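Summary of the model geometry
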Amino acid sequence: MKRTLAILTANPLSLLGLVLVFVVVFSAVFADFIAPFPEHAGAVVDFANFNQPPQWPYIFGTDLVGRDLFTRVIYAYRISLILGIVVLAIAVPIGVSIGLVAGYLGGRTEYVLMRLTDVFLSVPPLVLAMSIMGVLKPTLANGMLAVTVMWWPWYTRLVYNITRGEKEEGYVLAAEVIGASRLHIIFREILPNCVPAIVTKMTLDMGFVILIASSLSFLGLGVQPPTPDLGSMVADGAKYLPDSWWLTIFPGLAILVAVFGFNLIGDALRDILGAEQ
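**Observations regarding a nonpolar patch on the surface**
A cluster of nonpolar side chains, contributed by L15, V19, F22, V23, V25, F26, V29, F30, F33 and I34, occupies part of the molecular surface with about 900 Å² of accessible area. Tallying contributions element by element places helix α2 (residues 12–29) first for the nonpolar patch, with seven residues. With respect to the helices and strands, F26 occurs in helix α2. The partly exposed category is assigned to F26, whose relative accessible area is 36%.

Pasting the structure below:
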């Protein structure tokens, strides 16, 4: 861990990614303490300060009902991170388990599981999520469900390909010779060798989950007002460009910071873990 952190901090782009992710996570965790107007995260109106350009104390300006945009961006980070963590916490175990079982057992089990995976992979992710959200009520919980349904097949395909190669390795054959159970071989022998690839993909996917969730909100299918969400803020502000540019620019930059930060770290981890294997 110390060696990986040292390598990350030695690379300027990796260090930038760490800084950006730290800013996002710190803002989300400590939003209640650093937000100048915490009450503006909810259904509050202040028509005396509506649609104000960036100025003190509203450093990002205010929206059309007078709420501080900086405060709402910070709280939107919290929503985005919660969604990303929950989606990956559900999708990764499902996808990894299916990939391990299909890759190791082979035969009819492999055929059925991988054809099911191919069905989900054949549909563009955003289209699949939009279809699900078009049926369900647009809430945070349903948004998590929609993104989770579209995300597990990518981990299934990744782990399946790794498992097919690993099951022919000597350590797996030795475990089979001494009579180890299939569960032991799959989860105690093969899975640890899949972890580097899984961790790297999870880091990269954190940014993409935030982007997909923001896209759903932009289309009106994600988190609903008055809950602050980066995608819905961009959509609302786009109606008033170019005059009220801050309504769109700052939430859009917030999305860029989160996605760019996680991608930089993911790329660095891929290089580090790939070199160590």
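**A look at empty space enclosed by the protein**
Enumeration according to the criterion identifies three cavities of 30 Å³ or more in this entry. Estimates place the volume of the largest cavity at around 50 Å³. L83, G143, V147, A213, L216, S217, L221, G222, V223 and D229 are the residues that line the largest cavity. When grouped by side-chain class, the residues that make up the lining of the largest cavity number six nonpolar, three polar and one charged. What the second largest cavity holds in volume is close to 50 Å³. Lining the second largest cavity, in full, are F120, L121, V123, P125, L128, V149, M150, P153 and W154. Put simply, the parts of the chain that give the lining of the second largest cavity at least two residues each are α5 (107–121), α6 (125–135) and α7 (140–166). Ranked by residue count, the leading element in the lining of the second largest cavity is α7, at four residues.

**Some points on the layout of surface pockets**
A volume near 280 Å³ is recorded for the largest pocket. Along its surface, the largest pocket is lined by 15 residues, and D63, R67, S232, M233 and D236 are the ones closest to its centre. Secondary structure elements with two or more residues in the lining of the largest pocket: α4 (69–105) and α10 (230–238). Ranked by residue count, the leading element in the lining of the largest pocket is α10, at four residues. When grouped by side-chain class, the residues that make up the lining of the largest pocket number seven nonpolar, three polar and five charged.

**Examining the environment of I79**
Inspection of the secondary structure puts I79 in helix α4. Note: C-alpha distance between I79 and P138 (59 residues apart in sequence) is 14 Å.

**Notes on the nonpolar core**
Soluble, globular proteins show a tendency: their nonpolar side chains are buried together. Counting 57 residues, the largest nonpolar core has Y77, W151 and L230 as the members making the most contacts within it. Only α2, α4, α6, α7, α8 (170–177), α9 (182–218), α10 and α11 (246–276) provide two or more residues apiece to this core. Looking at this core, the element that brings in the most residues is α4, giving 14 residues. One finds A31, A35, A41 and I74 within the second-largest nonpolar core, a separate group that totals five residues.

**Here's the deal with the packing of α6 against α9**
The description of two packed helices rests on the angle between their axes and on the distance between the axes. At a closest axis distance of 11 Å, the pairing of α6 and α9 adopts a crossing angle of 50°. By the angle between their directions, the pair α6 and α9 is classed as oblique. Every pair of crossing elements has a handedness; the one defined by α6 and α9 is right-handed. Facing α6, whose interface residues are L126, A129, M130 and M133, α9 presents I212, S215 and L216. Of the residues contributing to the contact of α6 with α9, the split by class is six nonpolar, one polar and no charged.

**Some points on the packing of aromatic side chains**
Under the definition given, this model contains nine aromatic pairs. Ring centres of W245 and W246 lie 5.8 Å apart, and the angle between their planes is 85°; on these two criteria the pair is classed as edge-to-face. Clustering of aromatic rings is evident, with ring pairs tying together F60, F70, W245, W246 and F250. Between K201 and the ring centre of Y155, over which it is positioned, the NZ or CZ distance is 5.4 Å.

**Comments concerning the pattern of salt bridges**
All chains considered together, the criterion is met by five salt bridges. Among the ionic contacts, a cluster of salt bridges with common partners joins R115, D118 and R157.

Criteria and thresholds
- Residues numbered from 1 in each chain as written.
- Predicted model: local features only at pLDDT ≥ 70, side-chain atom pairs only at ≥ 80, totals over all residues.
- Heavy atoms only, no water.
- Patch = residues over 30% accessible without salt bridge, like charges linked within 9 Å, V, L, I, M, F, W, Y side chains within 5 Å.
- Areas by Shrake-Rupley, 256 points an atom, 1.4 Å probe, with all protein chains shown as cover.
- Salt bridge = Lys/Arg side-chain N within 4 Å of Asp/Glu carboxyl O.
- Helix = DSSP H or I, 4+ residues; strand = E, 2+ residues; numbered from the N terminus.
- Buried < 20%, exposed > 50% of the residue type's maximum accessible area, 1.4 Å probe, protein only.
- 1 Å grid on protein atoms, 1.4 Å probe; cavity = no way out; pocket = protein on both sides within 12 Å on 5 of 7 lines; lining within 4 Å.
- Points joined across faces, edges and corners; volume = space filled by probe spheres on them.
- Nonpolar A, V, L, I, M, F, W, Y, C, P; charged D, E, K, R; others polar.
- Core = buried A, V, L, I, M, F, W, Y, C linked by side-chain atoms within 4.5 Å.
- Axes fitted to C-alpha atoms, helices over the stretch in contact; angles between N-to-C directions.
- Parallel < 35°, antiparallel > 145°, perpendicular 65-115°, else oblique.
- Left-handed = near helix turned anticlockwise from the far one by under 90°.
- Contact = heavy atoms within 4.5 Å.
- Phe/Tyr/Trp six-rings, centres within 6.5 Å; stacked < 30°, edge-to-face > 60°.
- Lys NZ or Arg CZ within 6 Å of the ring centre and 35° of its normal.

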